[in-house]
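# Structure assessment
Here are the chains, one letter per residue:
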Amino acid sequence: MNATFFTIQVLLALLLAPLLAGVINRVKAKFAGRHGKPLLQLYYDIAKLLRKGEVISETTTWVFTAGPVLSLATALLALTLLPLGGCASPFSFRGDFILFAYLLGLGRFATVLAALDTGSPFEGMGASREAVFGALGEPVLFLAFLALISTASSLGIRADVSLSTLFDGFSTEALMKGRPELLLLIFVMGIILLVENCRIPVDDPNTHLELTMIHEVMILDHSGPNLAFILYGAAIKFWIFAALLAGLIIPEMPLWAQSVCSLAVVFLTAALTGVIESVMARLRMPIVPALIGLAGCVAAFVLILTLVR
């Protein structure tokens, strides 16, 4: 029964993930007083790209074509480790959060290598920025995990340490036992979501200005099915981090209710991302590490509080 319900949740994530981009774009359009793109625009774009051919530079190697496939594959594998809709992953195991983090890191590494394989200094610039911000964001993610693990250990709420126990109503249970500092992790995970998905104020996915591009510049040479894989993988990645936020916020409840609430929080996260991108400007490049550092300091502060209790 657990495996069946989890499979349904994974299928819902695979089906609905591109819809999140539509929600973000419609929210931004409403703030700007425009009608905006259709909610299903990303579905149309992916379907169109899958039917098209692709142009591949003679200077590239197999690394260029393997990058999008590997980045999509790692995102899908990371998705299967999450507790979705209140249902623990059947693939969960002790310490799986380490595999989760490095699956996402491997996907980023594949994208960076594909960009460097073109030999373009323009794409190399974006790859360098992506690598730097990824290296800064990864310790913050682990600090958030460690804060949850420390809380679980001190309270004895969970016997094992995995994503399916740490992000399945655990934080709400800990809050009721006198751990309000865990509320700060919502801010930390929100910053990580923006950094990992290259959203404003870290990066603007709609920009085409040479001095401000990060993720978009790395995929300029991709076309056809490979570009479709990249766009779909990015949608899955956004769903992953939104699902982690949902796991921090939603308490344990009946499975069907927790599933509905989880879906609601995922789409609410997309809507809030649209609001953030509507009311904020993109930060200057030297300030982005300071924002990531702030999230890291908050996560470290939460960890210290959990250790001294």
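As the structure is a computational prediction, the values presented were derived from the model and not from experiment. (Residues numbered from 1 in each chain as written. Predicted model: local features only at pLDDT ≥ 70, side-chain atom pairs only at ≥ 80, totals over all residues. Heavy atoms only, no water.)

### Considering the packing of aromatic side chains
For clarity, the cut-off: Aromatic rings from Phe, Tyr and Trp, taking only the six-membered ring of Trp, are treated as a pair when their centres fall within 6.5 Å; an angle between ring planes under 30 degrees marks them as stacked, one over 60 as edge-to-face, and anything in between as tilted.
Under the definition given, this model contains 7 aromatic pairs. An aromatic cluster of at least three residues, connected via ring pairs, comprises Phe97, Phe100, Tyr102, Phe142, Phe145, Phe167 and Phe241.

### A short note on the nonpolar core
To keep it simple, the criterion reads: To qualify as a nonpolar core, a set must consist of buried Ala, Val, Leu, Ile, Met, Phe, Trp, Tyr and Cys residues joined through side-chain atoms within 4.5 Å. Type-normalised accessible area, obtained with a 1.4 Å probe on protein chains alone, sets the label of each residue: buried when under 20%, exposed when over 50%, and partly exposed for intermediate values. By the criteria applied, helices consist of DSSP H or I runs no shorter than four residues and strands consist of E runs no shorter than two, each listed in order from the N terminus. Contacts: residue pairs with any heavy atoms within 4.5 Å of one another.
Core analysis: the biggest nonpolar cluster contains 81 residues, and Leu79, Leu82, Phe100, Leu185, Trp239 and Ile240 have the highest contact counts within it. For this core, the element with the highest residue contribution is helix H10 (residues 224–249), accounting for 15 residues. If sequence neighbours within four positions are ignored, Trp239 has contacts with Leu12, Ala13, Leu16, Ala17, Leu20, Leu79, Leu263, Val266 and Phe267. Residues Val112, Ala115, Ala127 and Val217 belong to the second largest nonpolar core, which totals 6 residues.

### Focus: the environment of Gly293
Tracing the chain through its elements places Gly293 in helix H12 (residues 288–308). Residue Gly293 is classed as partly exposed on the basis of its relative accessible area, which comes to 31%.

### Quick look at the side chain of Thr60
The line we're drawing: Here a polar contact is taken to be a pair of N or O atoms separated by no more than 3.5 Å, where protein atoms must pair a possible hydrogen donor with a possible acceptor and residues adjacent in sequence count only if both atoms sit in side chains.
Inspection of the secondary structure assignment puts Thr60 in the loop between helix H2 (41–51) and helix H3 (62–79). Judged by its relative accessible area of 13%, Thr60 is buried. Only 2.7 Å separates the side chain of Thr60 from the backbone oxygen of Ser57, close enough to count as a polar contact. If sequence neighbours within four positions are ignored, Thr60 has contacts with Asp117 and Thr118.

### What about helix H1 (residues 2–32)?
Worth spelling out the cut-off: Helix span, expected: 1.5 Å multiplied by one less than the number of residues in the helix.
Helix length check: H1 (31 residues) gives 44 Å between terminal C-alpha atoms against 45 Å at 1.5 Å per residue, within 8%. A positive phi of about 75° marks Gly33, the residue just after H1.

### A word on the packing of H3 against H10
Filter applied, for reference: To get an axis, a line is fitted to the C-alpha atoms, and for a helix only the part in contact is used. The angle between two axes follows their N-to-C directions and goes from 0 to 180 degrees. Any angle that is under 35 degrees is reported as roughly parallel, and any over 145 degrees as roughly antiparallel; angles of 65 to 115 degrees are reported as roughly perpendicular and all others as oblique. Helix crossings are classified by the rotation of the near helix relative to the far one: an anticlockwise turn of less than a right angle makes the crossing left-handed, while a clockwise turn makes it right-handed. Amino acids are sorted into nonpolar (Ala, Val, Leu, Ile, Met, Phe, Trp, Tyr, Cys and Pro), charged (Asp, Glu, Lys and Arg) and polar (every other residue, Gly among them).
Running from N to C, H3 and H10 cross one another at 25°; their axes reach a closest spacing of 9 Å. The pairing of H3 with H10 is recorded here as roughly parallel in orientation. Helix-helix and strand crossings are classified by hand; for H3 and H10 the assignment is left-handed. Touching Thr65, Pro68, Val69, Leu72, Ala75, Leu76, Ala78 and Leu79 of H3 are Asn226, Phe229, Ile230, Tyr232, Gly233, Ile236, Trp239 and Ile240, all from H10. Taken together, the residues that form the contact of H3 with H10 break down as 13 nonpolar, 3 polar and no charged.

### Focus on the confidence of the model for the protein chain
To be explicit about the condition: As a per-residue measure, pLDDT reflects the predictor's confidence and takes values from 0 up to 100.
A residue-level look at the protein chain finds 97% of positions with pLDDT of 70 or above and a mean pLDDT of 90. Across the protein chain, H3 holds the top mean pLDDT of 96, while helix H9 (residues 215–218) sits lowest at 80.

### A look at the side chain of Lys237
Counting through the fold element by element, Lys237 comes out in helix H10. Discounting chain neighbours no more than four positions away, the residues touching Lys237 are Arg108, Glu196 and Asn197.

### A short note on the state of the cysteines
As a reminder of what qualifies: Throughout, disulfides are identified as pairs of cysteine sulfur atoms within 2.5 Å of each other.
Under the counting rule described, the total for this entry stands at 0 disulfides. Cys87 carries a free sulfur, and the closest cysteine sulfur to it, the one in Cys261, is 15 Å from it.

### Section: the pattern of salt bridges
The test is simple: The salt bridge criterion pairs a side-chain nitrogen of Lys or Arg with a carboxyl oxygen of Asp or Glu, the two atoms within 4 Å.
Considering all chains together, one arrives at 6 salt bridges under this definition. Between Lys237 and Glu196 there is a salt bridge, with the nearest N and O atoms lying 3.2 Å from each other. Here the residue Lys237 occupies a position in helix H10, and Glu196 occupies one in helix H8 (residues 184–196), the gap between them amounting to 41 residues. Residues Arg199 and Glu277 are paired through a salt bridge, measuring 2.7 Å at the closest nitrogen-oxygen approach. Of the two residues, Arg199 sits in the loop between H8 and H9 while Glu277 sits in helix H11 (residues 255–279), which places them 78 residues apart along the sequence. Overall, Arg199 belongs to the buried group, its relative accessible area being 13%.

### Comments concerning a nonpolar patch on the surface
We apply this condition: Patches draw on residues past 30% relative accessible area with no salt bridge. Two like charges within 9 Å are joined, as are two nonpolar side chains (Val, Leu, Ile, Met, Phe, Trp, Tyr) within 5 Å. The accessible surface values rely on the Shrake-Rupley method and a 1.4 Å probe; as for residues, cover is taken only from the protein chains in view.
A contiguous nonpolar patch, built from Leu70, Leu106, Phe109, Leu113 and Leu116 and spanning about 410 Å² of accessible area, is present on the exposed surface. In terms of residues, the nonpolar patch owes the most to one element, helix H4 (residues 96–117), which gives 4 residues. Checked against the element boundaries, Leu106 lands in helix H4.

### Side note on unusual backbone geometry
Residue Pro201 is bonded to the preceding Ile200 through a cis peptide linkage, with omega at 10°. For Pro201, the position within the fold is in the loop between H8 and H9. The backbone of Cys198 shows a phi angle near 55°, a positive value even though the residue is not glycine. Accessibility expressed as a relative area gives 7% for Cys198, which makes it buried.

### Here's the deal with the packing of H1 against H11
Two measures define how a pair of helices packs: the angle their axes make with one another and the distance between the axes. Contact geometry of H1 with H11 gives a least axis separation of 8 Å together with a crossing angle of 30°. Here H11 runs roughly parallel to H1, going by the angle between their axes. Helix-helix and strand crossings are classified by hand; for H1 and H11 the assignment is right-handed. Each residue belonging to the contact of H1 with H11 can be placed in one class, and the counts come to 17 nonpolar, 5 polar and 2 charged.

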